Each structure stands twice: as structure tokens, then as C-alpha cells.
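For reference, the chains in residue letters:
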Amino acid sequence: MASFAKSIVLLVSLATFGYSLYVVGHLMIFLSTPRSISKAHTWIFNLLDNKSRLETAYGPVVFDTLYLMGFIFQHSFLKSALVKKLLANLGLSGAERTIYSLTSSICLHYLIVNWLPAQSIVLWQIDVDESAPLWWTFVITHGLCWVVIFGGSLVMDLPELLGVKQAYYDLKAYGPPINYKSGELRNLYAHVRHPSFVGLSVILFATNVMSVDRLVLALLLTTYMYLAWSTDHKDVAYQKLQLQRKKLELKAN
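Quick caveat, the model's predicted, so the values are computed rather than measured.

## A short note on the pattern of salt bridges
- Tallied over the full model, the rule gives two salt bridges.
- Ionic pairing is found between Lys6 and Asp170, a salt bridge with its closest N-O pair at 3.9 Å. Of this pair, Lys6 sits in helix H1 (residues 2-32) while Asp170 sits in helix H8 (residues 164-171), placing them 164 residues apart in sequence.
- The class of Asp170 is partly exposed, set by a relative accessible area of 25%.
- Between Lys165 and Asp157 there is a salt bridge, and its shortest N-O distance comes to 2.5 Å.
- Assessed through its relative accessible area of 23%, Lys165 is described here as partly exposed.
- Classification of Asp157 by relative accessible area gives buried; the value is 14%.

Take a look at the structure:
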């Protein structure tokens, strides 16, 4: 009976893996598609005074902030010691990362689908469609950042990051996969579980239309990442050592 339940968890983890990639694809489109404001909207917003612009943006900004706070709360609460202890008591330790990934993807998907633009207040607007060099600069910048993020995810073991490996190891009674990693790497993972703070920050702020809703999105997520990712000198030393080893391996080949 226990092995059957663990097999179900593994199947759910595989489905969660696919769903998470699907949501990330939507996130790429949401964050990296060149934005534009129609001429009709621009003409209408130009007729508004500052108070009217603020009133027009107020509703969308409030709802968008609530969506972001819901995602941040889920992202923090589900990795708390309280939740981990509860799942352990329920015999779901092997499903912990799967549950975390699934709920994260659901919250993120809900945020993307229900996001409300607030384009009555715009900090800057660059029409990249009218200039091939600007369009290619925008696309290449975002493309490189996504490559760095996905490359980092693969290096950090994507199946483990999304919970598939934990469910499989639990089914086979191997023990948590994190136990097979070095102490230095476990310390790094405890402080940083997602790759490329810089890459995601660039994607959030390097937009051709910085409306107030995009500004709220960028500020809240970068602040959350900065506060949640608490690397220390040991993590930096470990990464430098690994980089030196990789360089030596490449030279040897």
C-alpha cells in the first residue's frame, strides 16, 4: 500500500514537472514579449490629469500587488519548518518538493492569467517595433538571460529542483537526494534554490514599456529574491572553487 501511494506521488511529480515547464513558458511570454500601448490609449491617457491617472491605475495596482503577495506568501510558507514537519508527520516527505512546485506553478499561472495592466502611468516607453536594432537588442538581452536561467536550472539538477527525483528516491527507499551531495553544495542550496538572481532582475527591469504595474512586479520580486537569497562567504568560496575546477577540466581536454 505504501509503495502504491509513493508510485502515485511519482506520477503526480512527473505531471507537476510538465505543468511547471508549461507555466514557465507562459512566464517567458508574459515577461519578455515586447510591450506596446495603442495610440488610442496614449491619446486618452494624455487627456487625464495626474490625479485621474493615479485613480485609473489604483485598482489594477492593488489587485496585482495582492497576486504578488499571494505568490510570495506561498513561496515562503510552504518551505517553512512548520509545513515540512506537517508533511513528515503525514508521511509525505517525498512529496514535499512536488507539492511546493505544484502550488508555486498554480499561483504563478493564476498571477499571469489575471494580471491587470496599469498603463495610465508610464515611466518610459520605447517603440522597438519601429527599429530593428532596438528590437534585436531587446530580444537578445532577454534570450541570453533566459539561457542563463535555464542553464543554471540544469546545473542545479532540474528534476530535483521540481521534486521528481525526491519522489523517485522515496519510492526506491534511497533517502533524500540532497543527502548524496557535498556539505558545501547543501549549504549553497539552503541559501539559494533558484538560479540567476541577476538574469531574472534584468528581465524584469529591461522592458520597453515600464508601466506602473510592471514596476510593482519588478520591485516586489527583486526585493523578495534579495531578501530570500542569503548566500554567505562559504557559498562564494565554493562556487569559485568549482569554477576553477571547471576551467582546469576544460584546459585538460
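## Details of the nonpolar core
- Within the largest apolar cluster, 25 residues are counted, with the highest numbers of intra-cluster contacts made by Leu31, Leu68, Leu204 and Leu217.
- Of all the elements in the fold, those that place two or more residues in this core are H1, helix H3 (50-77), helix H5 (96-114), helix H6 (132-155), helix H10 (197-205) and helix H11 (212-228).
- The contacts of Leu68, once residues within four sequence positions are left out, are Leu111, Trp115, Val216, Leu217, Leu220 and Leu221.
- Ranked by size, the runner-up nonpolar core spans five residues in total, among them Val9, Ala95, Val164 and Ala167.

## Let's talk about the packing of aromatic side chains
- Scanning the model with the defined rule gives nine aromatic pairs in all.
- Centroid distance Tyr19 to Tyr22: 6.4 Å. Interplanar angle 25°. Geometry classified as stacked. Of this pair, Tyr19 and Tyr22 are both found in helix H1, three residues apart, which corresponds to roughly one turn of the helix.
- Take Tyr19: its relative accessible area is 24%, and that puts it in the partly exposed class.

## Thoughts on the environment of Leu14
- Positionally, Leu14 belongs in helix H1.
- Judged by its relative accessible area of 45%, Leu14 falls in the partly exposed class.
- On a C-alpha basis, the gap between Leu14 and Ala167 in space is 9.2 Å, while along the polypeptide they are 153 residues apart.

## Observations regarding the UniProt feature "transmembrane region" (unreviewed entry) in the protein chain
- The UniProt entry lists residues 7-31, 57-78, 99-122, 134-156 and 197-227 under the feature "transmembrane region" (unreviewed entry), expressed in the numbering used here.
- In this annotation, residues 7-31 is assigned 100% helix and 0% strand; the end-to-end C-alpha distance for the span is 36 Å.
- Split by type, residues 134-156 is 96% helix and 0% strand. Its first and last C-alpha atoms lie 33 Å apart.

## Focus on H5
- Helix length check: H5 (19 residues) gives 27 Å between terminal C-alpha atoms against 27 Å at 1.5 Å per residue, within 8%.
- Where H5 is concerned, the buried positions are Arg97, Thr98, Tyr100, Ser101, Ser104, Ser105, Leu108, His109, Leu111 and Ile112. Within H5, the buried residues cover an arc of 160° as seen down the axis, which keeps them to one side.

## Section: a nonpolar patch on the surface
- Together, Phe4, Ile8, Leu11, Val12 and Leu14 give the surface a local cluster of nonpolar side chains, amounting to about 470 Å² of exposed area.
- Within the secondary structure, Val12 is located in helix H1.
- Judged by relative accessible area, Val12 falls into the partly exposed class, the value being 38%.

## As for the packing of H10 against H11
- It is at 9 Å that the axes of H10 and H11 come closest, and there the two elements cross at 165°. For the element pair H10 / H11, the angle class is roughly antiparallel. Crossing angle aside, the handedness with which H10 passes H11 is left-handed. Every residue of H11 that contacts H10 at Phe197, Leu200, Ser201, Ile203, Leu204 and Phe205 is listed here: Arg214, Leu217, Ala218, Leu219, Leu221, Thr222, Met225 and Tyr226.

The rules we used
- Residues numbered from 1 in each chain as written.
- Predicted model: local features only at pLDDT ≥ 70, side-chain atom pairs only at ≥ 80, totals over all residues.
- Heavy atoms only, no water.
- Salt bridge = Lys/Arg side-chain N within 4 Å of Asp/Glu carboxyl O.
- Helix = DSSP H or I, 4+ residues; strand = E, 2+ residues; numbered from the N terminus.
- Buried < 20%, exposed > 50% of the residue type's maximum accessible area, 1.4 Å probe, protein only.
- Core = buried A, V, L, I, M, F, W, Y, C linked by side-chain atoms within 4.5 Å.
- Contact = heavy atoms within 4.5 Å.
- Phe/Tyr/Trp six-rings, centres within 6.5 Å; stacked < 30°, edge-to-face > 60°.
- UniProt positions renumbered as here; feature names shortened; annotations may be inferred.
- Expected span 1.5 Å × (residues − 1).
- Arc of directions from axis to C-beta.
- Patch = residues over 30% accessible without salt bridge, like charges linked within 9 Å, V, L, I, M, F, W, Y side chains within 5 Å.
- Areas by Shrake-Rupley, 256 points an atom, 1.4 Å probe, with all protein chains shown as cover.
- Axes fitted to C-alpha atoms, helices over the stretch in contact; angles between N-to-C directions.
- Parallel < 35°, antiparallel > 145°, perpendicular 65-115°, else oblique.
- Left-handed = near helix turned anticlockwise from the far one by under 90°.

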